[in-house]
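Listed below are the residues making up each chain.
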Amino acid sequence: MTVNPKLTPLLLSGPALLVFIGLVISPLVMTALLSFYDWGQYKGIVAEFTIKNWHEVIADGYYYEIFGRTLRIALFVTLITVLIGVPEAYILNRMTPRWRGVFLLVVIGPLLISVVARTLGWALLFGSTGLISQALLALGIAREPVDLMFTETGVVIALTHVLVPFMVLAVMAALQRLNPDVENAAMSLGASAFTVWRRVVLPQIVPGILSGSVIVFALAASAFATPAIIGGRRLKVAATLAYDEFLNTLNWPLGAAIAMILLVALVAIIVGSNRLIERRYAQVFE
Amino acid sequence: MSYLALERLTKAYGGVLAVEALDLTVARGEFISLLGPSGCGKTTTLQMIAGFVEPTSGRAMLNGTDLFGVQPNKRGLGVVFQSYALFPHVTVAENVAFGLEMRGVPRAEREQRVKQTLDLVGLSGLADRYPRRMSGGQQQRVALARALVIQPAILLLDEPLSNLDAKLREEMQTELRAIQRSVGTTTILVTHDQGEAMALSDRIVIMNKGRVEQIARPDEAYARPASAFVANFLGKTNTLPAKVVNEGGRHVVDIAGFRLPAPGRSPAGPVTVTVRPERISFVDDSALGVRGRVQSRVFQGTHWLFHIETELGALIVLRQNDGAAVPLEGQDVCLAWGENDLLIEASRGV
Amino acid sequence: MRRNGPLALVFHAIFVAFILAPIVVVCAVAFTPEGYLSLPTKGFSLRWFKAILDYPEFLRAFRDSLWLAALSSTIAIGLAVPAALAIARYRFIGREAITALFLSPLMIPHVVLGIAFLRFFSQIGLSGSFLGLVLSHIIVVLPFALRLVLASSYGIDQRIEHAAISLGASSFVTFRRVTLPLIMPGVVSGWVLAFINSFDEVTMTVFIASPSTTTLPVRLFLYIQDNIDPLVSSISASLILMTAVVMIVLDRLFGLDRLFLGSAKS
């Protein structure tokens with residue numbers, strides 16, 4: 001070999017490494033620094049160390065409410081995607097390969113469609129003259145027009161739609177690792193279909209459900225386009241709040257502090273729960 | 001004069017010696033097998049020769065040049081891998097032609113040599129197939145052709161037949177030997193199958209835990225194993241503790257009271273005695289032999305295999321299936337063997 | 001395997017309806033002959049599709065989106081292939097850390113990335129530039145490319161490369177003639193997934209795009225914030241249609257489950 005073999009991996013990953021140091025680490029570090037800068041309506045950004053941005057975000061009830069709402073929405077979305085995504089994955093997995101192929105295209109395919117286009121569909125359905133309102137009126141479930149635009153319910157429904165394919169994927173991956181003979185073994189021992197599912201299948205796919213939940217929660221908590229379109233300016237979440245601070249109020253240091261809090265909270269949740277899942281289920285799987 | 005000489009070849013992983021100071025000389029045209037259980041260092045040795053593993057120390061001289069000074073892709077050795085390692089994305093002909101292309105052999109000559117080599121391994125009509133669409137035996141032949149076509153200085157075979165079923169393996173052994181004879185390429189085979197090693201090789205290198213136990217011709221190693229390990233590894237054997245005593249100027253081996261004159265040059269003291277199961281015979285007279293009872297009897301086609309519980313412990317006995325009556329399970333029998341059937345080795349670490 | 005019961009099939013039908021509803025509605029509205037949004041729509045017209053042509057800013061954004069996606073996914077795959085080989089093949093100090101770094105854009109919220117790039121580009125004088133968009137998109141799509149190339153790199157038998165070397169091939173020839181063809185499925189599907197993710201990206205891009213240099217999803221998003229009319233429906237419907245075609249082609253070429261489940265695994 002002309003080069004020291006010890007250097008080969010470094011040479012191979014070097015270009016990507018340089019790009020990432022230059023374009024991920026340095027922007028993030030600069031943003032972290034920015035969150036400690038001072039800002040005034042007339043003086044703009046001043047490079048003076050202050051913790052007032054952090055203090056404001058953490059102490060002010062207004063931001064509390066927004067972070068609380070973000071958390072609430074993310075938890076609801078996660079819960080609903082589990083409730084509907086897990087059975088759907090199980091159903092898909094039991095289809096014949098041909099039908100499974102078709103419905104995978106239907107269920108997973110929307111991931112490839114722009115979030116803006118998908119959310120637009122919900123905006124069309126949600127308004128007081130939209131199809132949902134019309135249907136509820138016609139069925140007699142509602143007495144007056146139902147407007148889901150600019151409501152948390154609307155945001156939760158639309159985000160569930162956007163994110164449920166991730167849950168289905170995660171659970172399907174776990175299901176495909178199952179040995180089908182194990183289900184048959186349980187049945188041969190006299191278990192009913194439901195018992196097989198609860199006692200044999202479910203325990204084995206819990207790690208898949210959990211990792212799907214982590215993905216969905218993280219994406220829901222940081223979602224931007226869907227809450228921005230369905231929630232509008234009236235119903236802010238963390239991501240749209242940061243957007244407004246940056247592009248409307250132009251208080252970049254405060255926006256940077258919001259972004260940093262979002263980043264730290266999410267990374268802590270993702271890394272923490274992944275550790276937990278790995279430790280809890282390490283002995284069961286591989 | 002030796003063609004390939006390995007001198008104190010050593011490979012250590014961390015503190016663990018995978019191969020320890022291996023010395024071996026190979027003559028031109030010779031077929032050598034490196035034989036041993038998994039983890040004995042045989043594959044590591046092969047990979048050091050091929051250049052896929054860097055040796056910790058030692059030399060390998062090929063025809064007077066130091067092999068380790070040459071880059072792996074310039075060594076000109078043909079390698080056949082256990083998994084065949086065929087290029088799955090190109091045809092059989094392109095697989096075989098690859099090495100010639102690397103050597104800049106012109107197209108016309110290339111095509112001709114590929115065809116010749118495919119004929120040699122019996123794959124004439126299959127040049128345009130893709131490896132995936134072939135049986136294990138056919139893939140094996142492609143791998144062999146690909147290695148042979150470059151007229152390698154040495155052909156290195158890493159467990160080439162272990163993925164084939166028993167019948168096909170036997171056929172391929174015969175064929176491999178025939179091809180090697182006709183081409184005359186110096187060949188090193190790595191295998192854990194003693195039958196394969198004995199069937200194919202001019203000499204066998206029996207390895208255990210990174211060390212060479214014995215280098216010998218197959219018949220030699222079988223008849224006069226250098227150690228109990230070799231005896232055990234080269235076929236079934238019975239191993240018994242015994243002692244050699246001097247009785248009136250004559251050496252006598254005493255196996256739990258059963259006494260026989262010891263072969264010449266036997267060491268006095270505690271020994272390990274091995275006796276091959278096919279060397280034990282059933283006798284009528286109980287005064288002459290070891291008494292025992294047949295525990296089980298397994299029919300193996302050409303042979304009967306007996307497990308016999310005796311005064312000396314459990315023994316296995318092989319009897320040729322020559323049509324004669326053999327003892328039944330549970331029957332009392334008497335066993336005997338001659339002094340020349342015994343192999344006596346001073347006990348190690350007792 | 002046993003079949004799904006009737007209850008399961010009813011659930012499945014409702015689920016599929018839920019998934020398809022907004023997509024179908026967007027397409028339905030786009031064909032309205034009216035000058036305003038109406039559902040259910042009466043009649044059928046292509047007038048709103050023709051209207052797209054009167055908005056050159058949307059067409060320009062579409063063209064820029066395609067260029068951006070093509071450039072960033074190509075550069076990302078160029079960086080990902082050697083990196084994946086290093087990670088899959090070698091055990092070196094910092095290997096885990098490098099892998100985590102390369103996959104980190106999946107974990108960092110895109111809003112945060114958008115803010116970080118906005119700050120970074122405004123400091124180094126790249127704000128609002130196409131180059132800035134390309135650089136930022138390389139970062140967000142590289143993990144997708146890397147995961148698929150990694151999956152295919154782990155899958156190949158290293159002895160196939162040893163065979164090539166023993167036959168006289170140099171490292172480079174071995175890569176070009178043996179390794180690259182073997183990981184090609186991963187490279188192609190990684191590129192496609194990177195392209196789609198770049199094309200669809202809106203959250204990060206909205207921070208760093210300028211009115212003159214922007215992508216189609218961002219322009220559409222900003223437009224929808226102000227008013228929702230049949231025009232955005234017809235544009236969205238066109239996007240959905242194109243995606244559907246790409247999706248079916250992908251499914252034929254690789255199988256969507258392999259593309260996604262392969263990436264969802266590791």
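Being a predicted model, the structure only gives us computed values, none of them experimental.

Calculation criteria
Residues numbered from 1 in each chain as written. Chains lettered and ligands numbered in written order. Predicted model: local features only at pLDDT ≥ 70, side-chain atom pairs only at ≥ 80, totals over all residues. Heavy atoms only, no water. Helix = DSSP H or I, 4+ residues; strand = E, 2+ residues; numbered from the N terminus. Rg over C-alpha atoms; globule rule 2.2 N^0.38 Å. Buried < 20%, exposed > 50% of the residue type's maximum accessible area, 1.4 Å probe, protein only. Contact = heavy atoms within 4.5 Å. Areas by Shrake-Rupley, 256 points an atom, 1.4 Å probe, with all protein chains shown as cover. Lys, Arg positive; Asp, Glu negative; His and termini not counted. Charge placed at Lys NZ, Arg CZ, Asp CG, Glu CD. Core = buried A, V, L, I, M, F, W, Y, C linked by side-chain atoms within 4.5 Å. Pairing = 2+ DSSP bridges. Buried area = accessible area lost by both parts, 1.4 Å probe. Salt bridge = Lys/Arg side-chain N within 4 Å of Asp/Glu carboxyl O. Polar contact = N/O pair within 3.5 Å; in protein donor to acceptor, adjacent residues only side chain to side chain. Nonpolar A, V, L, I, M, F, W, Y, C, P; charged D, E, K, R; others polar. Axes fitted to C-alpha atoms, helices over the stretch in contact; angles between N-to-C directions. Phe/Tyr/Trp six-rings, centres within 6.5 Å; stacked < 30°, edge-to-face > 60°. Parallel < 35°, antiparallel > 145°, perpendicular 65-115°, else oblique. Left-handed = near helix turned anticlockwise from the far one by under 90°. Expected span 1.5 Å × (residues − 1). Bend = angle between axes of the 7 residues up to and from the residue. Patch = residues over 30% accessible without salt bridge, like charges linked within 9 Å, V, L, I, M, F, W, Y side chains within 5 Å.

Participant: In this structure, what is going on with the overall build of chain A? I would like to understand it.
Facilitator: Along the backbone of chain A there are 12 helices and two strands. Along chain A, helices and strands appear, N-terminal first, in the series α-β-β-α-α-α-α-α-α-α-α-α-α-α. In summary, chain A has a C-alpha radius of gyration of 24 Å against a globular reference of 19 Å for 286 residues, an excess of more than 25%. Summarising its shape, the C-alpha atoms of chain A cover approximately 80 × 75 × 35 Å along the three principal directions. By the burial criterion, 52% of the 286 residues in chain A qualify as buried. Of the contacts made within chain A by residues no fewer than 6 positions apart, 67% connect residues no fewer than 24 positions apart. Just so you have it, chain A exposes about 13,400 Å², and 67% of that area is on carbon and sulfur atoms. In chain A, 19 side chains carry a positive charge and 15 a negative one; their mean positions are 8 Å apart.

Participant: Would you mind going over the nonpolar core with me for this structure?
Facilitator: Across soluble globular proteins, nonpolar side chains have a tendency to be buried as a group. The biggest cluster of nonpolar side chains holds 256 residues, and the ones touching the most others in it are Ile205 of chain A, Phe87, Leu144 and Leu156 of chain B together with Phe102 and Phe221 of chain C. If one sorts the elements of this core by residue count, helix 3 (residues 56-89) of chain C sits on top with 15 residues. Filtering out sequence-adjacent residues up to four positions away, Ile205 of chain A remains in contact with Val86, Val171, Ala174, Leu175 and Leu178 of chain A. Residues Trp304, Leu312, Val326 and Leu342 of chain B belong to the second largest nonpolar core, which totals 26 residues.

Participant: I keep staring at the pairing of strand 11 (residues 238-247) of chain B and nothing clicks. Help me out?
Facilitator: If a strand is regular, its side chains alternate between the two faces of the sheet. All names here are of chain B. Inspection of the sheet shows strand 11 paired to strand 14 (residues 269-275) by seven bridges, in the antiparallel sense. For Lys243, the partnering residue across the bridge sits in strand 14 and is Pro270. The sheet contact formed by strand 11 and strand 12 (residues 250-255) spans five bridges and is antiparallel. What sits directly across from Asn246, in strand 12, is His251.

Participant: I tried to follow the interface of chain B and chain C on my own but got confused; where do I start?
Facilitator: When the parts of a complex come together, some accessible area is lost, and that lost area is often used as the size of the interface. Counting residues at the interface gives 19 residues for chain B and 17 residues for chain C. Summing both partners gives a buried area of about 1,700 Å² for chain B against chain C, and 66% of it is carried by carbon and sulfur. Looking only at chain B, the three residues that lose the most surface to chain C are Asn73, His89 and Phe98 of chain B, adding up to 30% of its buried area. Inspection of the region where chain B meets chain C yields one salt bridge. One salt bridge in this structure joins Arg177 of chain C and Glu101 of chain B, with 2.8 Å as the shortest N-O distance. One can count five residue pairs in polar contact (both at pLDDT 80 or more) joining chain B with chain C. The leading source of residues in the side of chain B that touches chain C is helix 2 (residues 92-102) of chain B, at four residues. Broken down by class, the residue content of the side of chain B that touches chain C amounts to 12 nonpolar, four polar and three charged.

Participant: Sorry if this is basic, but what is going on with the side chain of Thr160 of chain A here?
Facilitator: Secondary-structure assignment places Thr160 of chain A in helix 7 (residues 152-176). Looking at Thr160 of chain A, its side chain comes within polar contact range of the main-chain oxygen of Val156 of chain A, at 2.6 Å.

Participant: Honestly, the interface of chain C and chain A in this entry has me stumped. Any pointers?
Facilitator: Every contact between the two is made by 79 residues of chain C and, on the other side, 86 residues of chain A. Roughly 7,700 Å² is buried in total at the junction of chain C and chain A, and carbon and sulfur atoms are behind 82% of that figure. Across the chain C-chain A interface, the total number found is zero salt bridges. Joining chain C to chain A, the criterion identifies five residue pairs in polar contact (both at pLDDT 80 or more). With 14 residues, helix 1 (residues 6-30) of chain C is the largest single contributor of residues to the side of chain C that touches chain A. For the side of chain C that touches chain A, the class distribution of residues is 61 nonpolar, 11 polar and seven charged.

Participant: Can you walk me through the sheet that holds strand 11 of chain B in this structure?
Facilitator: Note on sheets: strands pair through backbone hydrogen bonds, and any given pair is parallel or antiparallel. Residue and element names in this part refer to chain B. The five strands lie next to each other as 13-12-11-14-20, forming an open sheet whose pairing is antiparallel. Each end of this open sheet is capped by a strand with a single partner; those strands are strand 13 (258-261) and strand 20 (342-346). Across this sheet, the average inter-strand angle for adjacent strands is 35 degrees, counted without regard to direction.

Participant: Is there a simple way to explain the packing of aromatic side chains in this structure?
Facilitator: Where two aromatic rings form a pair, the distance of their centres and the angle of their planes describe that pair. Across all of its chains, the model carries 28 aromatic pairs over all chains by this definition. Judged by centre distance (4.8 Å) and plane angle (50 degrees), the ring pair of Phe299 of chain B and Trp304 of chain B falls under tilted. Judged by centre distance (6.2 Å) and plane angle (65 degrees), the ring pair of Tyr55 of chain C and Phe58 of chain C falls under edge-to-face. In this structure Tyr55 of chain C comes out as partly exposed when scored by relative accessible area, which is 28%.

Participant: Even after reading the chapter, I still don't get the pattern of salt bridges, so can you show me in this structure?
Facilitator: Residues and elements named next belong to chain A. What the rule picks out here adds up to 25 salt bridges over all chains. Two residues, Lys236 and Asp244, come together in a salt bridge whose shortest N-O distance is 3.3 Å. The same class applies to Lys236 as to Asp244, namely buried. The structure contains a network of salt bridges with shared partners spanning Glu65, Arg69, Arg72 and Glu152.

Participant: Sorry, what's going on with the sheet that holds strand 18 (residues 313-320) of chain B here?
Facilitator: Residue and element names in this part refer to chain B. Across the sheet, five strands lie side by side as 15-19-16-17-18; this open sheet has antiparallel pairing. The outermost strands of the open sheet, each flanked by one partner alone, are strand 15 (281-282) and strand 18. As paired elements, strand 16 (residues 290-299) and strand 19 (residues 332-336) share four bridges and run antiparallel to each other. Pairing of Arg293 across the sheet is with Asp332, part of strand 19.

Participant: It is not clear to me how the pairing of strand 3 (residues 31-35) of chain B should be interpreted in this structure. Could you clarify?
Facilitator: Residue and element names in this part refer to chain B. Taken across its five residues, strand 3 has five buried, putting it largely inside the fold. The alternating pattern of strand 3 places Phe31, Ser33 and Leu35 and Ile32 and Leu34 on opposite faces, both of which are buried. Note that strand 3 and strand 9 (residues 203-208) share four bridges and pair parallel. Note on strand 9: the bridge partner recorded for Leu34 is Val205.

Participant: Hey, could you run me through the packing of helix 12 (residues 252-281) of chain A against helix 5 (residues 110-124) of chain C in this one?
Facilitator: Any two packed helices are characterised by how steeply their axes cross, that is the angle between the axes, and by the distance between the axes. Where helix 12 of chain A contacts helix 5 of chain C, the two axes come as close as 9 Å, and the packing angle between them is 140 degrees. Put simply, helix 12 of chain A runs oblique to helix 5 of chain C. As helix 12 of chain A packs across helix 5 of chain C, the resulting crossing turns out to be left-handed. Taken together, the residues of helix 5 of chain C that come into contact with helix 12 of chain A (itself represented by Trp252, Gly255, Ala259, Leu262 and Leu263 of chain A) are Val112, Ile115, Leu118, Arg119 and Ser122 of chain C. Along the lines of polarity and charge, the residues of the contact of helix 12 of chain A with helix 5 of chain C split into seven nonpolar, two polar and one charged.

Participant: It is not clear to me how helix 9 (residues 193-221) of chain A should be interpreted in this structure. Could you clarify?
Facilitator: For an α-helix, the turn length of 3.6 residues means that residues three or four places apart are oriented alike. Taking 1.5 Å as the rise per residue, helix 9 of chain A with 29 residues should run 42 Å; its terminal C-alpha atoms sit only 36 Å apart, a clear shortfall. Leu202 of chain A marks the point of greatest bend in helix 9 of chain A, at about 50 degrees, and the proline Pro203 of chain A comes within the next four residues.

Participant: Any chance you could explain the environment of Val196 of chain A here in plain terms?
Facilitator: All names here are of chain A. Structurally, the position occupied by Val196 is in helix 9. A sequence separation of 12 residues divides Val196 from Asn184, and the C-alpha atoms of the two residues are 8.8 Å apart. For Val196, the residues in contact, after removing those within four places along its chain, are Glu183, Ala186, Met187, Ala191 and Val201.

Participant: What exactly am I supposed to notice about the environment of Phe221 of chain C here?
Facilitator: Secondary-structure assignment places Phe221 of chain C in helix 10 (residues 216-226). The spatial distance from the C-alpha of Phe221 of chain C to the C-alpha of Phe121 of chain C is 22 Å, given a sequence separation of 100 residues.

Participant: What's the story with a nonpolar patch on the surface in this structure? I'm lost.
Facilitator: The grouping of Ile21, Ile25, Val29 and Leu33 of chain A at the surface amounts to a nonpolar patch, some 320 Å² of accessible area in total. Inspection of the secondary structure puts Val29 of chain A in helix 1 (residues 8-34).

Participant: Can you help me understand the environment of Leu266 of chain A in this one?
Facilitator: Here Leu266 of chain A is to be found in helix 12. Here Leu266 of chain A falls in the buried class, since its relative accessible area comes to 3%. Leave out the neighbours within four places in its chain, and Leu266 of chain A touches Phe217, Ala218, Ala221 and Ser222 of chain A together with Pro109 of chain C.

None of this, on its own, says anything about what the molecule does.
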